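Close look at the chain arrangement
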Amino acid sequence: GSTAGEPAGTYDAIFCMAMLRHGALARPGVTRCDHLIKFEDFAAAIRDFSRCLKPGGLFAIRASNFRLADAPAAADFESVLRFEVKHPERVPIFGTDNRLLSGVTYPDTVFRKRPA
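Residue positions are counted from 1 within each chain, in the order its sequence is given. Residue-level local features of this predicted model are given only where pLDDT is at least 70; pairs of side-chain atoms are given and counted only at 80 or more, and the full residue set underlies all totals for whole chains, interfaces and linings. Side-chain numbers come from the whole structure's heavy atoms, not from hydrogens or water.

**Some thoughts on the nonpolar core**
Operational definition: Throughout this description, the term nonpolar core refers to a set of buried Ala, Val, Leu, Ile, Met, Phe, Trp, Tyr and Cys residues connected via side-chain atoms within 4.5 Å. Exposed residues in this analysis have more than 50% of their type's maximum accessible area, buried residues have under 20%, and partly exposed residues fall in between, with area computed by a 1.4 Å probe over protein chains only. Helix and strand definitions here come from DSSP, where helices need a minimum of 4 consecutive H or I residues and strands a minimum of 2 consecutive E residues; each element is numbered from the N-terminal end. By definition in these notes, contact holds between two residues if any of their heavy atoms fall within 4.5 Å.
Counting 27 residues, the largest nonpolar core has Leu20, Phe42, Ile46, Phe49, Phe59, Ile61 and Leu68 as its most contacted members. Breaking this core down by element, the ones donating at least two residues are strand E1 (11-17), helix H1 (39-52) and strand E2 (53-62). Considering each element in turn, this core owes the most residues, seven residues, to H1. The residues contacting Leu20, other than those within four sequence positions of it, are Ile37, Phe42, Ala45, Ile46, Phe49, Ile61, Ser64, Asn65 and Phe66.

**So, the sheet that holds strand E3 (residues 77-82)**
For the record, the criterion: Strand pairing requires that DSSP identify at least two bridges connecting the strands. All axes are obtained by fitting lines to C-alpha atoms, using only the stretch in contact for helices, and the reported angles, taken between N-to-C directions, cover 0 to 180 degrees.
Taken in spatial order, the four strands make up an open sheet running E1-E2-E4-E3, and their pairing is mixed. Since the sheet does not close on itself, it has two edges, and those belong to E1 and E3, each with one partner. With direction set aside, neighbouring strand axes in the sheet form an average angle of 20°. Summarising the sheet, E1 and E2 pair through six bridges and their orientation is parallel. Bridge assignment links Met17 to a residue of E2, and that residue is Arg62. Along the sheet, H1 makes contact with E1, E2, E3 and strand E4 (108-113), crossing E2 at roughly 145°.

**Here we look at the packing of aromatic side chains**
Formally: Note on ring pairs: Phe, Tyr and Trp rings are taken, using the six-membered ring of Trp, and paired if centres are within 6.5 Å. Classes follow the plane angle, with under 30 degrees stacked, over 60 edge-to-face and the rest tilted.
Summed over the entire model, instances satisfying the criterion amount to six aromatic pairs. Between Phe49 and Phe59, the ring centres sit 5.4 Å apart and the planes meet at 45°, which makes this aromatic pair tilted. Of the two residues, Phe49 is situated in helix H1 and Phe59 in strand E2; the sequence distance between them amounts to 10 residues. Each member of the pair Phe49 and Phe59 is classed as buried. An angle of 75° between the planes, with centres 6.5 Å apart, marks the rings of Phe77 and Phe111 as edge-to-face. With a gap of 34 residues between them, Phe77 in strand E3 and Phe111 in strand E4 connect regions that are remote in the sequence. One exposure class covers both Phe77 and Phe111, and it is buried. Taken together, the aromatic side chains of Phe49, Phe59, Phe77 and Phe111 make up a single cluster linked through ring pairs.

Right, here's the structure in full:
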């Protein structure tokens, strides 16, 4: 699925739970993700989610292989809720260069879209 065909500024909330990730990236020895999922695709999805959300709308993202803070569209959001990451080995975090960020967790989970 994609939000590409959805109208702009119409959603009050978007929930992205255990999406924008690939389970095989949690296997031992994985140091790159771009053979399965690329940061640029993640960033494009975040940009389009932002387009679809109303100002003040909520965006929840959990168990992603990337940090919303690294996406260019992160400037559209403010973090409003954080959760401890209990099993970081299950969902490794990769950077903008598609390389593993060893030992990094990302507790920011719910974001509010800033007014235009």
